[in-house]
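Working through the structure, step by step
Take a look at the letters that make up each chain.
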Amino acid sequence: RMGEDGFGIRLNVARKDELGQVIAGFNSMADRLQALYQTLEDRVKEKTRSLDNKNKELQTLYEIATDLNSATTTEPLCESVLDKIIKLIGAKGGVIRVADEKHERLKVVSAQGVSKSFLDEETYLDVGVCFCGEIAKEGISANADLTVPLNKPMLHSCSKEGFKSVVSIPIRSHSKQVGVLNLFFNEVVILPPGDLKLLEALGLHLGIAIENYRLISKEKELAIVEERNLLAQELHDNIAQSLAFLNIQTQLLTEDLEANNKEGVDATLSQIREGIQESYDDVRELLVNFRTPLKHRSLDQAI
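Now for a quick tour of the structure. Not measured: the values here are computed from a predicted model.

This brings us to the side chain of Asn 182. Take Asn 182: it is sitting in strand β6 (residues 176-185). We classify Asn 182 as buried; its relative accessible area is 0%. Here the side chain of Asn 182 touches Ser 168 through a polar contact of 2.8 Å, side chain to side chain. Each residue touching Asn 182, except ones within four places of it in the same chain, is listed here: Gly 93, Gly 94, Val 95, Arg 97, Cys 132, Val 166, Val 167 and Ser 168.

This is how it looks when you write it as structure tokens:
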């Protein structure tokens with residue numbers, strides 16, 4: 001009957017012997033099976049929802065990893081990462097702030113879901129000021145309920161926007177604080193520890209990428225400085241000295257003209273012509289050197 005009608009079957013025979021114990025065991029088993037069957041669908045839905053969330057997180061992580069490897073500058077990278085994180089967490093808006101070299105001020109490099117007045121007030125924020133600046137200073141993730149007064153000075157820009165809670169995640173490159181990620185919500189939201197761990201991992205990867213871009217930028221600046229120093233040295237050793245020589249010869253020419261010294265004038269003009277030709281040759285040589293590509297396919301081409 002249980003196989004035909006389901007797990008609602010119960011035995012009502014009241015006995016106190018061994019068969020009565022079997023009957024009691026059967027009824028207990030039926031209760032357990034019925035409870036499991038009734039909650040099975042709900043548990044399957046919950047597991048399916050959990051798997052969907054995990055798949056969504058993995059997809060977001062994959063997309064962010066792709067952005068980290070393909071982006072070449074900080075601002076476009078932060079824009080893309082912030083957009084994906086907001087969609088993943090379900091936030092109303094967010095900003096990414098990056099600290100300067102001295103770690104004294106934070107600058108908003110990417111923002112979504114906030115007004116122009118918010119950006120006008122908080123485009124630049126001193127480290128240690130307000131909730132977000134404090135997170136950038138301490139380097140510890142925090143989730144704040146903005147409906148409850150906090151025991152620290154606040155700028156209240158978030159409250160003016162209508163946000164009721166904020167999540168702040170430090171952006172780090174190893175042990176160095178690079179910036180802070182802020183997510184804003186229109187309701188009081190306390191993220192579970194798993195979501196905070198995920199955001200901290202993303203903040204670490206983003207911080208490493210931003211720091212790498214800074215190092216690459218410094219390398220480019222150093223390369224430009226070295227090239228300019230080389231050019232300046234070449235100009236000093238060749239063109240500048242030739243011009244100084246020509247300046248002296250011009251003064252001598254003036255003196256010979258005033259003294260009506262024709263032989264001196266001719267000799268000085270000859271030296272001036274030689275100096276001009278040398279300067280011209282030096283300029284052409286410099287142009288050739290600076291136009292030469294750095295890499296060659298073969299020794300013959302380099303020569």
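From this point, things continue past the structure.
Here we take up helix α2 (residues 18-70). In an α-helix, one turn spans 3.6 residues; hence positions three or four apart end up facing the same way. An ideal rise of 1.5 Å per residue puts 78 Å on 53 residues; α2 measures up with 74 Å between its terminal C-alpha atoms. By the burial criterion, the buried members of α2 are Gly 20, Ile 23, Asn 27, Ala 30, Thr 60, Ile 64, Asp 67 and Leu 68. Looking at the buried side of α2, the elements it contacts are α1 (2-5), α3 (74-89) and α7 (193-258). Two or three places before Leu 19, at the opening of α2, Asp 17 has a side-chain oxygen 3.3 Å from that residue's backbone nitrogen.

Under the defined criterion, the tally for this structure stands at 2 aromatic pairs. Aromatic side chains Phe 118 and Phe 184 sit 5.7 Å apart centroid to centroid with 75° between the ring planes, which places their arrangement in the edge-to-face category. Taken together, the residues span a long stretch of sequence, with Phe 118 in helix α4 (residues 116-122) and Phe 184 in strand β6 at a distance of 66 residues. The buried category is assigned to Phe 184, whose relative accessible area is 0%. Ring geometry for Phe 163 versus Phe 184: centroids 4.9 Å apart, planes at 10°, classification stacked. With Phe 163 in the loop between α6 (157-160) and β5 (165-173) and Phe 184 in strand β6, this residue pair connects regions lying 21 residues apart in the sequence. Assigned by exposure class, Phe 163 and Phe 184 land together as buried.

Let us now look at the side chain of Ser 141. Here Ser 141 lies in the loop between α5 (130-138) and β4 (142-145). Overall, the relative accessible area of 18% leaves Ser 141 in the buried class. Within the local environment of Ser 141, its side chain forms a polar contact with the side chain of Glu 200, the two groups lying 2.8 Å apart.

Looking now at the packing of α2 against α7. Helix-helix packing is characterised by the crossing angle of the two axes and by the distance between the axes. Packing of α2 against α7 leaves a shortest axis separation of 11 Å and a crossing angle of 10°. Comparing their axes, α7 and α2 come out roughly parallel. Taking contact as the criterion, the partners of Glu 57, Leu 61, Ile 64 and Leu 68 in α2 are, on α7, Asp 195, Leu 198, Leu 202, His 205, Leu 206, Ala 209 and Tyr 213. By residue class, the composition of the contact of α2 with α7 is 8 nonpolar, 1 polar and 2 charged.

Take the sheet that holds β6 next. The 6 strands are arranged β3-β2-β1-β6-β5-β4 in an open sheet whose pairing can be described as antiparallel. The open sheet has two free edges, formed respectively by β3 (124-126) and β4, since each of these has just one partner strand. Across the sheet, the mean angle separating the axes of adjacent strands is 25° when strand polarity is ignored. Of the pairings in the sheet, the one linking strand β1 (residues 93-99) to β6 comprises 6 bridges and is antiparallel in character. In the strand pairing of β6, Arg 97 is matched with Val 180.

As a further point, take α7. Here α7 spans 93 Å end to end across 66 residues, near enough to the 98 Å set by a 1.5 Å rise per residue. The principal kink in α7, of about 40°, is found at His 236. Among the residues trailing α7, Asn 260 stands out with phi positive, at a value near 55°.

Per the counting criterion, the structure on display carries 12 salt bridges. Glu 101 is paired through a salt bridge with Lys 218; the nearest N and O atoms lie 3.6 Å apart. In this pair, Glu 101 sits in the loop between β1 and β2 (105-112) while Lys 218 sits in helix α7, placing the two residues 117 residues apart along the sequence. Residue Arg 105 pairs with Asp 126 through a salt bridge whose shortest N-O separation is 3.4 Å.

With that out of the way, let us pick up unusual backbone geometry. Located in the positive-phi region is His 103, a residue other than glycine, with phi close to 55°. Residue placement: His 103 occurs in the loop between β1 and β2. The phi dihedral of Asn 260 is positive, around 55°, even though this residue is not glycine. Its relative accessible area of 69% is what places Asn 260 among the exposed residues.

What follows is about the environment of Glu 104. The topology assignment puts Glu 104 in the loop between β1 and β2. You can call Glu 104 partly exposed: its relative accessible area is 48%. Not counting the four nearest positions on each side in its chain, Glu 104 is found in contact with Asp 126 and Val 127.

Parameters and conventions
Residues numbered from 1 in each chain as written. Predicted model: local features only at pLDDT ≥ 70, side-chain atom pairs only at ≥ 80, totals over all residues. Heavy atoms only, no water. Helix = DSSP H or I, 4+ residues; strand = E, 2+ residues; numbered from the N terminus. Buried < 20%, exposed > 50% of the residue type's maximum accessible area, 1.4 Å probe, protein only. Polar contact = N/O pair within 3.5 Å; in protein donor to acceptor, adjacent residues only side chain to side chain. Contact = heavy atoms within 4.5 Å. Expected span 1.5 Å × (residues − 1). Phe/Tyr/Trp six-rings, centres within 6.5 Å; stacked < 30°, edge-to-face > 60°. Axes fitted to C-alpha atoms, helices over the stretch in contact; angles between N-to-C directions. Parallel < 35°, antiparallel > 145°, perpendicular 65-115°, else oblique. Nonpolar A, V, L, I, M, F, W, Y, C, P; charged D, E, K, R; others polar. Pairing = 2+ DSSP bridges. Bend = angle between axes of the 7 residues up to and from the residue. Salt bridge = Lys/Arg side-chain N within 4 Å of Asp/Glu carboxyl O.

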